[in-house]
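Chain and residue survey
The lines below spell out each chain.
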Amino acid sequence: MADIVGHAEYEFDLSGGNLCLDFANTVNRRQDPDGATDHINCHGDLVSFAEQCELISPEQGNDLRAHAARERSRANRAFRKSLILRESLFRAFSAIAAGNSVEQPDLRRIEGAALEALRHRTLSGHRDNYQWEWKSEPGAKDQFDRILWPIAQSAAELLTSGKLDAVRQCEAATCAWLFLDESRNHSRRWCDMSICGNREKARRHYQRKHR
Ligand SMILES: [Zn+2]
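With that settled, consider the overall build of the chain. Of the regular secondary structure elements, the chain holds seven helices and six strands. Listing each helix as α and each strand as β along the chain from the N terminus yields α-β-β-α-α-α-α-β-β-α-β-β-α. For a compact globule of 211 residues, the expected C-alpha radius of gyration is about 17 Å, and the chain comes in at 18 Å, within 12% of that figure. Each principal axis of the C-alpha distribution contributes one length, and for the chain these read about 60 × 40 × 35 Å. Relative to its full complement of 211 residues, the chain shows a buried share of 42%. For the chain, long-range pairs separated by at least 24 residues make up 59% of all intrachain contacts whose partners lie at least 6 apart in sequence. The chain carries 31 positive and 31 negative side-chain charges, and their two centres are separated by 5 Å.

Once that is clear, we can look at unusual backbone geometry. The phi torsion at Arg127 lies on the positive side, around 50 degrees, for a residue other than glycine. Structurally, the position occupied by Arg127 is in the loop between strand S3 (121-126) and strand S4 (129-134). Even without a glycine there, the phi angle at Ala176 is positive, about 70 degrees. Turning to its location among the elements, Ala176 is positioned in the loop between strand S5 (167-169) and strand S6 (178-180). Of the residues examined, Ala176 reaches a relative accessible area of 2% and is grouped as buried.

Here six bridges tie S3 to S4, and the two strands are oriented antiparallel to one another. Across the sheet, Thr122 pairs through a bridge with Glu133, a residue of S4.

Once that is clear, we can look at the coordination of the zinc ion. The zinc ion binds to the protein through Cys170 (SG), Cys175 (SG), Cys191 (SG) and Cys196 (SG); the donor distances cover 2.3 to 2.4 Å. In this structure, the zinc ion is surrounded by four donor atoms whose angles at the metal cover 103 to 120 degrees, and the resulting shape is tetrahedral. Each donor residue of the zinc ion lies on one chain, and together they are spaced C-x4-C-x15-C-x4-C. Here Cys196 lies in helix H7 (residues 193-209) and Cys170 lies in the loop between S5 and S6, a separation of 26 residues in the sequence.

The next subject is empty space enclosed by the protein. Under the criterion given, the structure shown has one cavity of 30 Å³ or more. Computed from the structure, the largest cavity encloses a volume of approximately 30 Å³. Looking at the largest cavity, the residues that line it are Tyr10, Phe12, Asp13, Asp22, Asn25, Thr26, Asn28, His39 and Trp177. Considered class by class, the residues forming the lining of the largest cavity number three nonpolar, four polar and two charged.

Rules behind the numbers
- Residue positions are counted from 1 within each chain, in the order its sequence is given.
- Whole-chain, interface and lining totals are the exception, using all residues; otherwise, since this is a predicted model, local features are given only for residues with pLDDT of at least 70 and side-chain atom pairs are given and counted only at 80 or more.
- Hydrogens are left out, water is left out, and the side-chain values use all remaining heavy atoms of the structure.
- Secondary structure elements follow DSSP: runs of H or I of four or more residues count as helices, runs of E of two or more count as strands, with numbering from the N terminus.
- For the radius of gyration, the atom set is restricted to C-alpha positions; the globular benchmark scales as 2.2 Å times the number of residues to the power 0.38.
- Accessible area is worked out with a 1.4 Å probe on protein chains only. A residue is then buried under 20% of its type maximum, exposed over 50%, and partly exposed in between.
- Here, two residues are considered to be in contact whenever any of their heavy atoms come within 4.5 Å of each other.
- A residue counts as positive if it is Lys or Arg and as negative if it is Asp or Glu; His and the chain ends are not included.
- A single reference atom marks each charge: NZ on Lys, CZ on Arg, CG on Asp, CD on Glu.
- Note on pairing: DSSP must find at least two bridges between two strands before they are called paired.
- With water excluded from the atoms, a metal site may look incomplete; its donors are any N, O or S atoms within 2.8 Å, or within 3.2 Å for Na, K and Ca.
- Labels for metal geometry use angle windows, namely 85 to 135 degrees for all angles of a four-donor tetrahedral site, and for square planar (four donors) or octahedral (six donors) sites opposite donors over 155 degrees apart plus all others within 65 to 115; sites meeting none of these are irregular.
- Think of a 1 Å grid over just the protein atoms. A cavity is a set of points where a 1.4 Å probe fits yet cannot get out, a pocket is an open set with protein on both sides within 12 Å along at least five of seven lines, and lining residues have an atom within 4 Å of a point.
- Grid points are joined across faces, edges and corners, and a volume is the space filled by probe spheres set on the points.
- Residue type decides the class: Asp, Glu, Lys and Arg count as charged, Ala, Val, Leu, Ile, Met, Phe, Trp, Tyr, Cys and Pro as nonpolar, and the leftover types, Gly among them, as polar.

Put into structure tokens, the structure is as follows:
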């Protein structure tokens, strides 16, 4: 069984341009027949992802890790729930990038997660400055799910943003990462030119030479 602490040293790639896409991209080389690498292998990995995205502070992250060490089954449940949501996000935005509709089960799952997130929002502030915050007490029953709330919210916001024509999927043969193409002439084809772009150019060059 995966350890609960995670591998804090792993640096997640956050180049998707949107939180929910970055979360969907936590699997490297999804379509590689030699094996994809999943970087969310336990609740601790989820906490590291949330810290790197600044969804939670390092103090909140340490709190969550300490609580997870004491409440392993709850933390594991939240971890499994996060993977189910992630796969729905991946399928949903892959479909959109391909010009298709999101399948109903995935749409309903994202809706459910976004509604759950809404229930945990609270308005706070004073005088002329108010903001939405997440309502989560350290030690609360749902504390391990808190990382999923902003992710679900970002997915619901992206789906309703009117910007879905900017959702793209990396064209490299095995990558499948999702990103928002915010280039001026909508010409971005790879998640990262220095990785997939160059690899793909080398591959096509090789194919031309050895045809
Ligand atoms: Zn790529």
